[in-house]
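Close look at the chain arrangement
Spelled out, the chains give:
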Amino acid sequence: MINAYGRHFQRTFRTKKLTYLVVLLISIIVYAVYINGNQQEIDAFGEYNKEYHFDGLEDETQPSYQEVSKRSNNWLQMLRHGYESNEQKCPDYLTYSSSAHPPYSKGSLRLPYMRPTEDCRTFNSDIIEKVIKEMTKRIEDPDIARLFENCFPNTLDTTILWHNLDIEIDNEDQYKTFVVTGDIHAEWLRDSARQLSVYQPFAKHDENLKKLILGAINLQASYISKAPYCNAFQPPLGSNIRRKPSAIDEVFPSPPWDDVFECKYELDSLASFLTLSNEYFENTQDDTFVSTRWIDSLEYILTVLKRESSPTFDKKGAVLPFYYTFQRDTKIGSETLPNSGNGNPVNFGTRLIRSAFRPSDDAWIERISFNHRPFH
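Small disclaimer: the values here were computed from a predicted structure and weren't measured.

This part covers the overall build of the protein. In terms of regular secondary structure, the protein is built from 13 helices and 9 strands. When burial is assessed residue by residue, the protein has 41% of its 376 residues classed as buried. Within the protein, counting contacts between residues at least 6 apart in sequence, those at least 24 apart form 62% of the total. Just so you have it, the protein exposes about 23100 Å², and 55% of that area is on carbon and sulfur atoms.

As structure tokens, this is what we get:
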């Protein structure tokens, strides 16, 4: 009984299997005829697309019409080997840098080559590449040469997450450059200014590099004019850069958190913006960065300096107004300010400008800062 039932089941299964195979074969033949018959139509659409400049408007997650055409002709191979995208996405550099890459230096340390591939670099400068080639030829120690080759272009290779240099702009003030700091997708005024500092002497030899630094000045001026007490900022809304949550603390004056990543008042951040601007002018003699927005940001900086040069008490011992307070819910003392966010008191008549936080982003303990001439 069981054997008879088993033989009946096998015959039924074979019949259904054969039917499925026939249907699949017919479908494959029909699909192949359809693709071949419409190849000219696909090519014609490609020419239409090129003529009316629709290239590049496809969704990044969708294949372009050229890829569709190519994949359609190779669909049998795709059935055998599975679907593989022709687009090779660039790996996150934090992941990429966690392993060594050849070729290795010829020195005793055998240091790896850690630059991203050229198509995965965030910015390319012809003059910087020439400097790298020239310097590596002159450095006798191959390990030191490899260190220079890896480190010198790292800011351009990995941190220029957004810049709008590839469009025609009449107003120089509209150039913008977002320089990420470390593995956090936010820009610190101080860090980004220092990251670009090593390229300032070469800006006059490379127009795109010059515009890149000009864009960094413009964007920092925009940030400061919105929140002069803040030190780190989010990517611009139009940049399409993935954002990290802002460190929303209790800050007075309250900053625009849509633009601000962190709002620690650090005097060196404001000074770094001025250094970035000054280095650019000294090396290029280009003063187009002195726009209305840049002047506004300078006025905001001077206002902050004047306010933060006032003492905690007046001559009679009365408490003076606090222009900046910062409180963070944390167990780490250096991450917040004491005295309800006001910080430690400062003396009268010191001719110093207080800074709530140090360049390390840690809170000042004694609040001793920078000497200056009295404001009038």
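The next point concerns the packing of aromatic side chains. Where two aromatic rings form a pair, the distance of their centres and the angle of their planes describe that pair. Under the counting rule described, the total for this entry stands at 13 aromatic pairs. Here the aromatic rings of Tyr229 and Tyr265 are separated by 5.2 Å at their centres, their planes lie at 75 degrees, and the arrangement is edge-to-face. Here the residue Tyr229 occupies a position in the loop between helix H10 (207-226) and strand S4 (232-233), and Tyr265 occupies one in the loop between strand S6 (260-262) and helix H11 (267-284), the gap between them amounting to 36 residues. On the basis of relative accessible area, Tyr229 is assigned to the buried category, the value being 4%. For Tyr265, a relative accessible area of 1% gives the class buried. Aromatic side chains Tyr280 and Phe289 sit 5.9 Å apart centroid to centroid with 85 degrees between the ring planes, which places their arrangement in the edge-to-face category. What makes Tyr280 buried here is its relative accessible area of 0%. Of the aromatic side chains, those joined through ring pairs into one cluster are Phe148, Phe152, Tyr199 and Phe202.

Taking strand neighbours across the sheet as the criterion, the 3 strands line up as S3-S4-S6 in an open arrangement whose pairing is antiparallel. Pairing within the sheet leaves two strands with one partner each, and these edge strands are strand S3 (187-188) and S6. As paired strands, S3 and S4 are joined by 2 bridges and run antiparallel to one another. When the bridges of S4 are listed, Glu187 appears paired with Phe233.

A few words now on the nonpolar core. In this structure, Ile128, Leu156, Leu196, Leu209, Tyr265 and Tyr324 are the most contacted members of the largest nonpolar core, which totals 55 residues. Elements that contribute at least two residues to this core include exactly helix H6 (126-138), strand S1 (160-163), strand S2 (177-179), helix H9 (189-197), H10, H11 and helix H12 (292-307). Among the elements that take part in this core, H10 stands out by supplying 10 residues, more than any other. In contact with Tyr265, not counting residues within four places along its chain, are Tyr229, Leu270, Val304, Glu308, Tyr324, Ile353, Arg354, Ser355, Ala356 and Phe357.

Attention shifts here to the state of the cysteines. Following the criterion strictly, the structure yields 2 disulfides and no others. The partner cysteine of Cys90 in its disulfide is Cys120, sulfur to sulfur 2.1 Å. For the disulfide bridge between Cys90 and Cys120, the dihedral angle about the S-S bond is near -90 degrees, and by the sign convention the bridge is left-handed. Here the residue Cys90 occupies a position in the loop between helix H4 (75-81) and helix H5 (93-96), and Cys120 occupies one in the loop between H5 and H6, the gap between them amounting to 30 residues. Cys120 sits in the partly exposed class, given a relative accessible area of 21%.

Attention now goes to the pattern of salt bridges. On inspection of all chains with the given rule, the structure shows 18 salt bridges. Among the salt bridges present, the one from Arg115 reaches Glu129, with a minimum N-O distance of 2.7 Å. Taken together, the positions of Arg115 in the loop between H5 and H6 and Glu129 in helix H6 put the pair 14 residues apart, joining distant regions of the chain. Residue Arg115 is classed as buried on the basis of its relative accessible area of 3%. Note that Arg328 is salt-bridged to Asp249, the shortest N-O span being 2.9 Å. With Arg328 in the loop between strand S7 (325-327) and helix H13 (338-341) and Asp249 in the loop between S4 and strand S5 (250-252), the pair connects residues that are 79 residues apart, well separated along the chain.

Within the fold, Thr336 resides in the loop between S7 and H13. Among the residues examined, Thr336 registers a relative accessible area of 16% and is labelled buried. Of the polar contacts made by the side chain of Thr336, one reaches the backbone nitrogen of Arg328; its length is 3.0 Å. Excluding residues within four positions of it along the chain, Thr336 makes contact with Phe326, Gln327, Arg328, Thr330, Phe357 and Ala363.

The subject of this paragraph is H11. The end-to-end C-alpha separation of H11 is 26 Å, in line with the 26 Å expected for 18 residues at 1.5 Å each. Leu267, Asp268, Ser269, Leu270, Ser272, Phe273, Leu276, Ser277, Glu279, Tyr280 and Thr284 are the residues of H11 that are buried. Looking at the residues trailing H11, positive phi occurs at Gln285, about 60 degrees.

Two elements in contact, H6 and helix H7 (residues 142-151), have axes whose closest approach is 9 Å; the angle formed by their N-to-C orientations is 170 degrees. It follows that H6 is roughly antiparallel to H7 by the angle criterion. In contact with Val131, Ile132, Met135 and Thr136 of H6, H7 contributes Ala145, Phe148 and Glu149. Looking at the contact of H6 with H7, its residues break down into 5 nonpolar, 1 polar and 1 charged.

Definitions and cut-offs
- Residues numbered from 1 in each chain as written.
- Predicted model: local features only at pLDDT ≥ 70, side-chain atom pairs only at ≥ 80, totals over all residues.
- Heavy atoms only, no water.
- Helix = DSSP H or I, 4+ residues; strand = E, 2+ residues; numbered from the N terminus.
- Buried < 20%, exposed > 50% of the residue type's maximum accessible area, 1.4 Å probe, protein only.
- Contact = heavy atoms within 4.5 Å.
- Areas by Shrake-Rupley, 256 points an atom, 1.4 Å probe, with all protein chains shown as cover.
- Phe/Tyr/Trp six-rings, centres within 6.5 Å; stacked < 30°, edge-to-face > 60°.
- Pairing = 2+ DSSP bridges.
- Core = buried A, V, L, I, M, F, W, Y, C linked by side-chain atoms within 4.5 Å.
- Disulfide = S-S within 2.5 Å.
- Salt bridge = Lys/Arg side-chain N within 4 Å of Asp/Glu carboxyl O.
- Polar contact = N/O pair within 3.5 Å; in protein donor to acceptor, adjacent residues only side chain to side chain.
- Expected span 1.5 Å × (residues − 1).
- Axes fitted to C-alpha atoms, helices over the stretch in contact; angles between N-to-C directions.
- Parallel < 35°, antiparallel > 145°, perpendicular 65-115°, else oblique.
- Nonpolar A, V, L, I, M, F, W, Y, C, P; charged D, E, K, R; others polar.

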